[in-house]
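Commentary on secondary and tertiary structure
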Amino acid sequence: MYDFTLDRPTTIQDAVAALQSDEAQPLSGGQTLIPTMKARLAQADTLVALSGVAEMRGICTDDQGRLCIGGATPHVEVARETAQSYPALAYLAGHIGDPAVRARGTIGGSLANNDPSACYPAAALASGATIVATGPSGARDIAADDYFQGMFDTALDEGEIVTEVKFPVPQAAAYAKFVQPASRFALVAAFVAKFDNGVRVAITGASSDGVFRWAEAEEALTANFSPEALTNLAPPTQTMISDLHGPAEYRANLARTMTARAVKQS
Amino acid sequence: MPKDSGIGASPKRREDVRFLTGKGRYTDDINVAGQAHVAFLRADVAHATLNGIDSGAAAAMPGVLRIFTAADFDGVGGLPCGWQVTDKHGQPMQEPKHPILAEGKIRHVGEIVAAVVAETPAQARDAAEAIELDLTELPAVVDMKDAVKDGAPKVHDDLTSNLCYDWGFVEENKEAVDTAFAEAAHVTTLELVNNRLVANPMEPRVAVGDYAAHDDSSTLYTTSQNPHVIRLLMGAFVLGIPEHKLRVVAPDVGGGFGTKIFHYAEEAFCTFAAKQLGRPVKWTSTRSEAFMSDAHGRDHVTKIELALDADNNFTALRTDTYANMGAYLSTFAPSVPTWLHGTLMAGNYKTPLIYVNVKAVFTNTVPVDAYRGAGRPEATFQLERLVDKAARELGVDPVALRRQNFITEFPYATPVAVEYDTGDYHATMDKLEAMIDRDGFAGRRADSAARGKLRGLGVNCYIEACGIAPSHLVGQLGARAGLYESATVRVNATGGLVVMTGSHSHGQGHETSFAQVVADMIGIGDDQVEIVHGDTANTPMGMGTYGSRSLAVGGSAMVRATEKIIAKAKKIAAHLMEASEGDIELKDGAFTVAGTDKSVAWGDVTLAAYVPHNYPLEDIEPGLEETAFYDPNNFTYPSGAYACEVEVDPETGQVEVLAFAAADDFGNVVNPMIVEGQVHGGIAQGIGQALLENCAYDEDGQLLSASYMDYAMPRASDLPMFAVDHSCRTPCTHNPLGVKGCGEAGAIGSPPAIVNAVIDALQSGGHDVAHIDMPLTPARVWGALNG
């Protein structure tokens, strides 16, 4: 690991101010960044730790009935606190990595990194969540549909951090994950959320564009919310990842299979 | 009441107290006063001409003491290869130089190009990153069959080709084998890959070199399975240090699995640099370095054929294997696909004619050498997959086909040079069938089908040659070392014993089981015996631990030394009791005179040996310390039958191992609990190979599975509860303990059971799938289902 300075602000305002330096990077749970730095694949002059920002941690419900989760809330807390209010989200949070990862890793860190195999982006996109990004000019709401812009790419501007994520709670939802045998990240996973006005399906792990909504499946499931509605569907293979762990066709198959399982479970 | 001490008891492993409480003393725990740290600059391309190295900027960085390149090793030998294979034309294998640091050319990703020694590890690493290399990249050869084509890029320009050797075994049998195939009623053919693996011991490699100018002596602390072998190879062949000036210490070692047998460049570097700098030099491998510098395992591509007569008797076997050597010959690499593989191709069967061809090939990849089982898993996998395929083609029960062809009379001389001394293959198969409720399988399969799953049952046998090995035999086969083992038994005045052994324990529990052997012979408690190993300064010359040899060979040396101790102690006891030596009996830690009530305790005799006031000094020397070297006259041949039940999810291709049973014949057993643990670990690694582990390169020689993000290790959740049995015992006929060795069996016997089970599952679902190459990842199984 290269040397760095650690800054530990206690308010969002101080954190955002500290991040305005070109050399500063935010550090949330560190479950991606720290191993990457240890391997000398990432370097930062200053890390601004968000774990001490109390106002970024915790879960509440707003007047629209949305679950509002602070950006620095660790997975273990989401798994525990949303078990009744949003079981599919709790299940997802409770199955990220291992207990050590869940104790440190945060929802804001996961969404800011937007790893193409991460779990949280699927929940945010399928739920139609709102990502609250805070920067020097204040906080702004970003719809999940606008937020995910490709592998490791988001709508966050330089110096912005994810301070809160607001989840509308669907009528029914489930997350079905097929793990990559080595990393135990999602090889392909599907989050299905059924709302009054239709079904949303988000697929993670499969595409070189990162998490995506599978429109064809949404349409079919909105018409008929059953696994059978997906029988002859498969997402297009052109953008599917082909690697050591499976070719594009296999990931496309898993996308359908995991979506069907999520529908069955929800 | 089960025994709690001695042979056959299962006392808890005494070494686990320190391992489990953080008190183990591993090589990385050793810090020598004044030590400096080395960081290696490793190649990130697989094949290139090394035109120049600019280390000027790096040398000026903070804390840097010195930067080494190949030029600094002028006059230093390359890493030696310990086994010379002779090809089918009687010519020696091609044996390129294996330099400590890359000389003019880079031949695999991970090869050391330069080394920076600095005050701290971070400073060394910072400076290593600042070194500029002038490279001309060359096309890499990765695929073995491509590598031996005319015009393929050559890994070593000074060799005639990338073919290390073309080995035929037994060459004289070839014509008769071909004739048998021409006359066969049925021929079964199978082409398969035995996948490349990374050993991944929990503890990465570490080396600390130290030099004492006052007496011109060097010390190397290293993560080794065989410190004396390292001392011999590095001292005699690389650095030119006589053994009395070189001490090698391998303290607690956190797993080896073969990959810590070999002499590595980092060991020689740290020893060499310590003398050059007058400072101790330490290196601790990162996990990333381990992936690209620890010797890999397996990596065979094989075509195997079985000829059967009209009654389904095996009449001949023929194999054609390409074995990957990687870019250089690791210490014992040439022996693995030949003498540890070809000699096992008879398996448990009385096939009269066998011909094995092995082409060993250089490629731009990390060197490949022994990994748990070493050659024998490759032999077992191809043979047991082939027999299963033959049974399916012939429509006969795979167990019945095996039984029909079992060897039943011992000793049995195989057509591939070895003689099995003893065994009972029907007994282990009987035991296995009793363990697995084969009759209930149809019902279980129906239950799975009701849940949309395909259930399969796979069975196989195995035999291995271990207790390696008779020196006279391996010498004829090309080994450049003896393969005996040694023990010094030192009895202290107050009766306790210290046993110093050349074997090495790195997870096998020797400190417990070896003590049981010696204590049992004397009739005292295990706690009266301490086992010392791992330091050439205080143990007799021994060849170390691998090939399931430590109890069979090292334990036998201990028996021989203890026999000498007892013989001398009886003389002392006879003197003390004024009786005839021939009448003295030793039982339960006391000497008695036959037919009398005279008795003298073990401790009284040992005290007399060191306080020889009343002592036959005219006949024997004081003291009680004996050394024995034991060289076996044959290998040992553990065998067994394994079964596995799997469930395949046809929607995802996921394989779940539901049950695994192992019936082994290890001969006599010293500590059943340790034996079971060894089998558990072996099966876990076998399941890892069969379902998960895949060391993969791309066509440019980049290692794709270079971290745990892509290299899948087996975890507890991947494994079922294991049913293991070792009650079938045909004791080895030629060592004093009647033991055969158990360390590798699980890894040798388990992969074919798993693959056989998956194929059984798929075929039960009407899928015409004859074979899937390991690892049977979900994607591969799904691909086979939808192919």
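Residues numbered from 1 in each chain as written. Chains lettered and ligands numbered in written order. Predicted model: local features only at pLDDT ≥ 70, side-chain atom pairs only at ≥ 80, totals over all residues. Heavy atoms only, no water.

Let's shift gears to the overall build of chain A. Helix and strand counts for chain A stand at 10 helices and 12 strands. In terms of C-alpha radius of gyration, chain A reaches 18 Å, essentially the compact-globule figure of 18 Å for 266 residues. Viewed in the frame of its principal axes, chain A has a C-alpha envelope of about 55 × 45 × 30 Å. Out of the 266 residues in chain A, the part that is buried amounts to 57%. (Helix = DSSP H or I, 4+ residues; strand = E, 2+ residues; numbered from the N terminus. Rg over C-alpha atoms; globule rule 2.2 N^0.38 Å. Buried < 20%, exposed > 50% of the residue type's maximum accessible area, 1.4 Å probe, protein only.)

Contact residues are listed per partner, giving 25 residues for chain B and 22 residues for chain A. Counting each side, the surface lost to burial between chain B and chain A is near 1,800 Å², with a carbon and sulfur contribution of 54%. At the boundary of chain B and chain A, one finds five salt bridges. Salt-bridge contacts for Asp126(B) lead to Arg40(A); the nearest nitrogen and oxygen are separated by 2.8 Å. Across the chain B-chain A interface, the total number found is 12 residue pairs in polar contact (both at pLDDT 80 or more). Those elements that provide at least two residues to the side of chain B that touches chain A are helix H3 (121-129) and helix H19 (778-785) of chain B. (Contact = heavy atoms within 4.5 Å. Buried area = accessible area lost by both parts, 1.4 Å probe. Salt bridge = Lys/Arg side-chain N within 4 Å of Asp/Glu carboxyl O. Polar contact = N/O pair within 3.5 Å; in protein donor to acceptor, adjacent residues only side chain to side chain.)

This paragraph deals with empty space enclosed by the protein. Residue and element names in this part refer to chain B. Applying the stated criterion across every chain yields a total of four cavities of 30 Å³ or more. Here the largest cavity defines a volume of roughly 230 Å³. The wall of the largest cavity is formed by 22 residues, among which His-98, His-108, Tyr-264, Ala-265 and Ser-293 lie closest to the centre. Residue composition of the lining of the largest cavity, by class: 11 nonpolar, seven polar and four charged. Shared between two domains, the lining of the largest cavity takes at least three residues from each, and those domains are domain 2 (31-138 + 202-255 + 260-293) and domain 3 (296-469 + 634-785). Around the second largest cavity, the lining residues are Arg-298, Asp-299, His-300, Ala-323, Asn-324, Met-325, Ala-333, Val-336, Pro-337, Val-368, Asp-369 and Glu-378. The element that contributes the greatest number of residues to the lining of the second largest cavity is strand E14 (residues 314-326), accounting for three residues. (1 Å grid on protein atoms, 1.4 Å probe; cavity = no way out; pocket = protein on both sides within 12 Å on 5 of 7 lines; lining within 4 Å. Points joined across faces, edges and corners; volume = space filled by probe spheres on them. Nonpolar A, V, L, I, M, F, W, Y, C, P; charged D, E, K, R; others polar. Domains from an automatic or database assignment.)

Take the sheet that holds strand E1 (residues 5-7) of chain A next. Residues and elements named next belong to chain A. Read from one edge of the open sheet, three strands run E1-E3-E2, paired in parallel fashion. The sheet is open, and its two edges are formed by E1 and strand E2 (24-27), each paired on a single side. Within the sheet, the average angular offset between the axes of one strand and its neighbour, ignoring direction, is 30°. Examined bridge by bridge, E1 and strand E3 (residues 46-49) share three bridges and lie parallel to one another. Looking at E3, one finds that Asp-7 is bridged to Val-48. (Pairing = 2+ DSSP bridges. Axes fitted to C-alpha atoms, helices over the stretch in contact; angles between N-to-C directions.)

Moving on, we come to the layout of surface pockets. All names here are of chain B. Considered as a void within the structure, the second largest pocket measures approximately 410 Å³ in volume. Lining of the second largest pocket is provided by 19 residues; of these, Asp-143, Val-193, Asp-299, Val-301 and Cys-695 occupy positions nearest its centre. Looking at the lining of the second largest pocket, the elements that each hand over two or more residues are helix H4 (144-147) and strand E8 (186-194). Classifying every residue of the lining of the second largest pocket by side-chain character gives eight nonpolar, five polar and six charged.

Time to look at the domain arrangement of chain B. Where interface size is given, it is often the accessible area lost as the parts come together that is meant. Residue and element names in this part refer to chain B. For chain B, the assigned domains read domain 1 (15-23 + 484-630), domain 2 (31-138 + 202-255 + 260-293) and domain 3 (296-469 + 634-785). A C-alpha centroid distance of 39 Å is found between domain 1 and domain 3. The interface of domain 1 with domain 3 comprises 18 residues on the first partner and 21 residues on the second. Summing both partners gives a buried area of about 1,400 Å² for domain 1 against domain 3, and 62% of it is carried by carbon and sulfur. Seen at the junction of domain 1 and domain 3, the total is zero salt bridges. Taken together, domain 1 and domain 3 are joined by eight residue pairs in polar contact (both at pLDDT 80 or more). Breaking the side of domain 1 that touches domain 3 down by element, the ones donating at least two residues are helix H14 (510-522) and helix H15 (550-576). Grouping the constituent residues of the side of domain 1 that touches domain 3 by class yields six nonpolar, 10 polar and two charged.

What follows concerns the domain arrangement of chain A. Residue and element names in this part refer to chain A. As far as domains go, chain A holds domain 1 (60-167) and domain 2 (172-265). Using C-alpha coordinates to define each centre, domain 1 is positioned 19 Å away from domain 2. Facing 24 residues of domain 1, the contacting portion of domain 2 comprises 20 residues. When the two sides are added together, the surface that domain 1 and domain 2 hide from each other amounts to roughly 1,700 Å², 64% of it contributed by carbon and sulfur. Together, Ser-117, Leu-125 and Ala-126 form the three largest contributors to the area buried by domain 1 at its contact with domain 2, with a combined 27%. Connecting domain 1 to domain 2 are two salt bridges. Here Arg-213 and Asp-145 are joined by a salt bridge, their closest N and O atoms 3.1 Å apart. Linking domain 1 with domain 2 are 10 residue pairs in polar contact (both at pLDDT 80 or more), by the criterion used here.

Taken together, the side chains of Asp22(A), Glu23(A), Asp45(A) and Glu158(A) define an acidic patch exposed on the protein surface. Position of Asp45(A) among the secondary structure elements: in the loop between helix H2 (33-38) and E3. (Patch = residues over 30% accessible without salt bridge, like charges linked within 9 Å, V, L, I, M, F, W, Y side chains within 5 Å. Areas by Shrake-Rupley, 256 points an atom, 1.4 Å probe, with all protein chains shown as cover. Lys, Arg positive; Asp, Glu negative; His and termini not counted. Charge placed at Lys NZ, Arg CZ, Asp CG, Glu CD.)

Looking at the secondary structure, you find Ser293(B) in helix H8 (residues 287-293). When residues no more than four places from it in sequence are discounted, the contact partners of Ser293(B) are Arg42(B), Arg205(B), Tyr264(B), Glu266(B) and Val366(B).

Residue and element names in this part refer to chain B. Here H15 crosses helix H16 (residues 602-610) at 90°, and the two axes come no closer than 9 Å. Taken together, the axis directions place H15 and H16 in an arrangement best described as roughly perpendicular. Within the contact between the two elements, H15 uses Ile-565, Ala-569, Ile-572, Ala-573 and Leu-576 and H16 uses Trp-602, Asp-604, Val-605, Ala-608 and Ala-609. For the contact of H15 with H16, the per-class residue count stands at nine nonpolar, no polar and one charged. (Parallel < 35°, antiparallel > 145°, perpendicular 65-115°, else oblique.)

Here the focus is the sheet that holds strand E7 (residues 163-169) of chain B. All names here are of chain B. Pairing in this open sheet of five strands is mixed, and the strands run E7-E15-E14-E13-E8 from one edge to the other. Whereas interior strands pair on both sides, the edge strands pair on one side only; in this sheet they are E7 and E8. Between one strand axis and the next, the sheet turns by 10° as a mean value, whatever way the strands run. Of the pairings in the sheet, the one linking strand E13 (residues 300-308) to E14 comprises nine bridges and is antiparallel in character. Looking at E14, one finds that Glu-305 is bridged to Arg-318. The strands touched by helix H5 (residues 174-182) within the sheet are E8, E13, E14 and strand E15 (353-362), with E14 carrying the most contacts at an inclination of about 125°. Against the sheet, helix H9 (residues 376-394) makes contact with E8, E13 and E14, and its axis sits at roughly 140° relative to E8, the strand it touches most.

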